[in-house]
Amino acid sequence: MNVNQNIETNRYKHIQNMAPLHLKKEGSASACGKAILIGEHAVLYGAKAIAMPLPELRMKMSITPDLHSSSGISLKLAGNEVDSQIKAVVGDALKLLNIVTDSVSIEGASSLPIGAGLGSSATLCIAILRLLNNGWGIGATPNDLAIMANELEKRFHGNPSGLDASVVAFEKFISFRKGETIKPLQSHKESNSWHFAIVDSGLRASTNIMIQKAKPWFTNKTFGEQRINHFDNLAIHAQKCLSNQNHHDLADIMTETNRLLFESGIIPAKLDEIITVIKKLGIPAAKITGAGGGGSILCLLTPNAHDQQMNLLQQNFGKEKVFHANPKI
């Protein structure tokens, strides 16, 4: 298995070497969305990235024996049968977990916007893996799930970095660099929680297309290495800000990151206009999160004014387009 992930693949070989198992119990599982704080695109070229879970935005799944079927797995999301691509992901997950296919029914629902740069494919993969892991009593760790989910994500994104799968598997702020051990962030404060808003622009774009669009900017012979190093330094500084609850400096870092991503060509005029409106509302910082071209905007809220700022954002963009996130370190 050739997984482009920063955890050794042999960590979960014990699962593949187990005797095939049958469903042990009915159950449920869920997985959260994610947002990249610092490091979009740059992470593909070796820079450190900082990502955060979105605990309020989740995909939930349940599994029960299917008494009306002689074999196989039925999977529905929001009451509808899934397409062939998602069915294939379930089949791949069964193989990775060395599971015998019982006759079972899986039902799922999600509050996570699809294609909005919030990790919906990683969330789907982790939710499926957690559900099967729980139902068959396998005992896979977050490390195991991150490796396997990254393999499953190849059906959606070709050769993902492993960042999305990792933050969703751990459900913590993480520091990530390809080829290194995943590091959940540690706080220097006794209580360390943050308030963000996610604004869904309503625009959608292909991740793979945006990767190709940004690639010349990051691989430029004259400035490419300097740009990657700049992102790396921003991520290192952001990690310190998160640990120390330095909101002011983190706002500056997010603003600078968005400027660089705009320079790379992945922020279209419509997204730039939305960010300008957000800043005029007095929000400390706003940047795209994800591959760009569309998707969502991540907003840093003021600790003692986050409720008022959420109301302002919802009044301007609609309650159905603005989501609150309160991740903790």
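Residues numbered from 1 in each chain as written. Predicted model: local features only at pLDDT ≥ 70, side-chain atom pairs only at ≥ 80, totals over all residues. Heavy atoms only, no water.

**Q** What is the right way to read the side chain of Glu153 from this model?
**A** Position of Glu153 relative to the elements: it lies in the loop between α4 (142–152) and α5 (154–157). No salt bridge forms around the buried Glu153; measuring N to O, its nearest opposite-charge neighbour Lys34 is 8.1 Å away. Aside from chain neighbours lying at most four places away, what touches Glu153 is Ser121, Ala122, Cys125, Gly158, Pro160, Asp164 and Ala165. (Helix = DSSP H or I, 4+ residues; strand = E, 2+ residues; numbered from the N terminus. Buried < 20%, exposed > 50% of the residue type's maximum accessible area, 1.4 Å probe, protein only. Lys, Arg positive; Asp, Glu negative; His and termini not counted. Salt bridge = Lys/Arg side-chain N within 4 Å of Asp/Glu carboxyl O. Contact = heavy atoms within 4.5 Å.)

**Q** Would you explain the state of the cysteines in this entry?
**A** Two cysteines form a disulfide when their sulfur atoms are joined by a covalent bond. By the definition in use, this model includes 0 disulfides. Looking at the unpaired Cys32, the closest cysteine sulfur is the one in Cys125, lying at 14 Å. A relative accessible area of 0% means that Cys32 is categorised as buried. The closest cysteine sulfur to the non-disulfide-bonded Cys241 is located on Cys299, 18 Å from its own sulfur. (Disulfide = S-S within 2.5 Å.)

**Q** How do you make sense of the packing of aromatic side chains when you look at a structure like this?
**A** To describe a pair of aromatic rings, one takes the distance between the centres and the angle between the planes. Counted under the stated rule, the structure contains 5 aromatic pairs. Pairing Tyr45 with Phe218 gives two aromatic rings, centres 5.4 Å apart and planes at 15°, and the pair type is stacked. In this pair, Tyr45 is assigned in the loop between β1 (27–38) and β2 (49–65) and Phe218 in helix α7 (residues 207–218), connecting sequence segments 173 residues apart. Phe218 sits in the buried class, given a relative accessible area of 1%. When the ring of Trp194 is compared with that of Phe196, the centres are 6.4 Å apart and the planes differ by 25°; the resulting orientation is stacked. Residue Trp194 shares its accessibility class with Phe196, and that shared class is buried. An aromatic cluster is built from Tyr45, Trp217, Phe218 and Phe231, whose rings are joined through pairwise contacts. (Phe/Tyr/Trp six-rings, centres within 6.5 Å; stacked < 30°, edge-to-face > 60°.)

**Q** Please explain the pairing of β2 as it appears in this structure.
**A** Looking along a regular strand, one sees side chains alternate from face to face of the sheet. In terms of strand pairing, β1 meets β2 through 11 bridges, oriented antiparallel. By the bridge assignment, Ala31 is partnered in β2 with Met59. As judged from the 3 bridges shared by β2 and strand β6 (residues 174–176), these two strands associate in the antiparallel manner. By the bridge assignment for β6, Ala49 is matched with Phe176. Pairing of β2 with strand β5 (residues 104–110), which is carried by 7 bridges, proceeds in the antiparallel orientation. Counted as the bridge partner of Pro65 is Val104 from β5. (Pairing = 2+ DSSP bridges.)

**Q** Teacher, can you tell me more about helix α3 (residues 120–136) here?
**A** Side chains that are three or four residues apart share a direction in an α-helix, a result of its 3.6 residues per turn. With 17 residues, α3 ought to run about 24 Å at 1.5 Å a step, and its terminal C-alpha atoms sit 24 Å apart, in line with that. A positive backbone phi angle near 65° is found at Gly137, which sits one or two residues after α3. (Expected span 1.5 Å × (residues − 1).)

**Q** Looking at this structure, how should I read the sheet that holds strand β11 (residues 322–325)?
**A** Whether parallel or antiparallel, the strands of a sheet pair through hydrogen bonds between backbone atoms. In spatial order, the strands read β9-β10-β8-β11; together these 4 strands make up an open sheet with antiparallel pairing. Only two strands of the sheet have a single partner each, and these edge strands are β9 (285–289) and β11. Neighbour-to-neighbour, the strand axes of the sheet open up by a mean angle of 25°, direction not taken into account. Direction of pairing for strand β8 (residues 196–200) relative to β11: antiparallel, over a ladder of 4 bridges. Paired with Phe196 across the bridge in β11 is Ala325. Set on the sheet, helix α10 (residues 269–280) makes contact with β8, β9 and β10 (296–300); between it and β9 the angle comes to about 155°. Taken strand by strand, helix α11 (residues 306–317) contacts β8, β10 and β11, and its axis lies near 160° from that of β11. (Axes fitted to C-alpha atoms, helices over the stretch in contact; angles between N-to-C directions.)

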